[in-house]
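# Working through the structure, step by step
Here are the chains, one letter per residue:
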Amino acid sequence: MLSGTQNGGLRRYFRRGKLSRARIFVAMGVMLLAASTPAGLISAHARAQQADPATPVVVQPGAPGKPSKMLPPSTRAVLPPKARADAEFMQGMIVHHSQAIEMTALIASHTENKGLRSLGARISSSQSDEIKFMKRWLAARGESVSMSSEGMPGMDMPGMSRQPKGLMPGMLSPEQMEALRKAKGAGFDHLFLTGMIQHHNGALIMVKDLFDTAGAGQDAELFNFATDVDTGQRAEIRIMQGMLEKDHQRERKEEKR
């Protein structure tokens, strides 16, 4: 039964034209239903919903190039164990990125190639930002930024590109770096592109080795970072391969003249 206040409110809305007769009857029906339904029935329904939730879907993302896995609903999230390989990957990638930045620093004084200058600026900017991220990641976990001589001989020393031993995968040897410094113009362009493709392929090897190591790469931030490195380096390799192909086509045309 509607109270006098409720009846009065509906009459006022009806007189003002704010509700049609159909809406009045619907509103009255809702009010009557709510008034007649026991509170216990509503709470019982709510408890039943809570007791029978939808079955959760748990998905474990796969490593780059590998499918994701469906895990049982009983799976519970746990913090990943601290893996030594995670810190070593970050420490090694800092060294690896540092050489790439060293290479791009030569572009301004060694070539006028606008495409190469643009690519070099992109690589330098992105890898500088990634080095900052890796240093923050290591510091947050109480790890050293430099790789110990035990993990990678000679890689915690300054001037790493001149070290004959301990180079990370794909890094240019001291002889390659010296040749790059001495080259100019088209010769520099060729050495830079072939050297950076070699360098990027090395980074892909490092990512693969990380994910192939038992217990490594489980940290969410590290996983996302390593996956981004893999994706970004592959994209830049395709760009550089295209630039080399254009240079080869131009050289062939010049030879035919």
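Anyway, here's the lowdown on the structure attached to this text. (Residues numbered from 1 in each chain as written. Predicted model: local features only at pLDDT ≥ 70, side-chain atom pairs only at ≥ 80, totals over all residues. Heavy atoms only, no water.)

With that out of the way, let us pick up the environment of Arg181. Topologically, Arg181 is positioned in helix 7 (residues 174–182). Given a relative accessible area of 27%, Arg181 falls into the partly exposed group. Sequence-wise, Arg181 and Ile107 are 74 residues apart; in three dimensions their C-alpha atoms are separated by 9.6 Å. Within polar-contact distance, the side chain of Arg181 engages the side chain of Glu102 at 3.0 Å. (Helix = DSSP H or I, 4+ residues; strand = E, 2+ residues; numbered from the N terminus. Buried < 20%, exposed > 50% of the residue type's maximum accessible area, 1.4 Å probe, protein only. Polar contact = N/O pair within 3.5 Å; in protein donor to acceptor, adjacent residues only side chain to side chain.)

The next subject is the packing of aromatic side chains. As enumerated under the stated definition, the model contains three aromatic pairs in all. Residues Phe133 and Phe225 carry aromatic rings whose centres are separated by 5.2 Å and whose planes lie at 35° to one another, so their mutual orientation is tilted. One end of the pair, Phe133, is in helix 6 (residues 114–140); the other, Phe225, is in helix 9 (residues 220–256), and 92 residues separate them in sequence. According to the relative accessible area criterion, Phe225 is buried, its value standing at 7%. (Phe/Tyr/Trp six-rings, centres within 6.5 Å; stacked < 30°, edge-to-face > 60°.)

This part is about the side chain of Thr104. Looking at the secondary structure, you find Thr104 in helix 4 (residues 84–104). Here Ile101 takes part through its backbone oxygen, which lies 2.8 Å from a polar atom of the side chain of Thr104. Those residues within four positions of Thr104 in sequence are excluded, and the remaining contacts are Gly120, Ile123, Ser124, Phe192 and Met196. (Contact = heavy atoms within 4.5 Å.)

The interhelical angle for the contact between helix 4 and helix 9, taken along N-to-C directions, is 40°, at an axis separation of 12 Å. On the basis of the axis angle, helix 4 is oblique to helix 9. Both helix 4 and helix 9 take part in a crossing whose hand is left-handed. In this structure, helix 4 uses Asp86, Phe89, Met90 and Met93 to contact helix 9, whose residues at the interface are Leu222, Phe225, Ala226 and Val229. For the contact of helix 4 with helix 9, the residue count by class is seven nonpolar, no polar and one charged. (Axes fitted to C-alpha atoms, helices over the stretch in contact; angles between N-to-C directions. Parallel < 35°, antiparallel > 145°, perpendicular 65-115°, else oblique. Left-handed = near helix turned anticlockwise from the far one by under 90°. Nonpolar A, V, L, I, M, F, W, Y, C, P; charged D, E, K, R; others polar.)

What follows concerns the nonpolar core. Phe89, Met90, Met93 and Met134 are the most contacted members of the largest nonpolar core, which totals 24 residues. Counting residues per element, this core draws most heavily on helix 4, at six residues. Aside from chain neighbours lying at most four places away, what touches Met134 is Met90, Met93, Ile94, His97 and Phe225. Grouped together as the second largest cluster of nonpolar side chains are 21 residues, Leu193, Ile197, Leu204 and Ile237 included. (Core = buried A, V, L, I, M, F, W, Y, C linked by side-chain atoms within 4.5 Å.)

Moving on to the packing of helix 8 (residues 185–212) against helix 9. Here helix 8 crosses helix 9 at 155°, and the two axes come no closer than 9 Å. One finds that helix 8 runs roughly antiparallel with respect to helix 9. In the crossing of helix 8 with helix 9, the sense of the turn from one axis to the other is left-handed.

Before going further, it helps to examine the pattern of salt bridges. Tallied over the entire structure, the rule returns twelve salt bridges. For the salt bridge of Lys66 with Asp212, the shortest nitrogen-to-oxygen distance reads 3.9 Å. With Lys66 in the loop between strand 1 (58–60) and strand 2 (69–71) and Asp212 in helix 8, this pair connects stretches of sequence that are 146 residues apart. Judged by its relative accessible area of 51%, Lys66 is exposed. A relative accessible area of 44% means that Asp212 is categorised as partly exposed. Residue Arg117 pairs with Glu112 through a salt bridge whose shortest N-O separation is 3.7 Å. Note on Arg117: relative accessible area 33%, which makes it partly exposed. For Glu112, a relative accessible area of 66% corresponds to the exposed category. Bridged by salt links that share partners, the residues Lys66, Lys208 and Asp212 form one connected network. (Salt bridge = Lys/Arg side-chain N within 4 Å of Asp/Glu carboxyl O.)

It is worth spelling out the environment of Leu138 at this point. By secondary structure assignment, the location of Leu138 is in helix 6. In this structure Leu138 comes out as buried when scored by relative accessible area, which is 0%. Distance from Leu138 to Gln91, taken between C-alpha atoms, is 8.1 Å for residues 47 residues apart in sequence. Beyond its immediate sequence surroundings of up to four residues, Leu138 is in contact with Ala87, Met90, Gln91, Ile94, Glu143, Ser144 and Val145.

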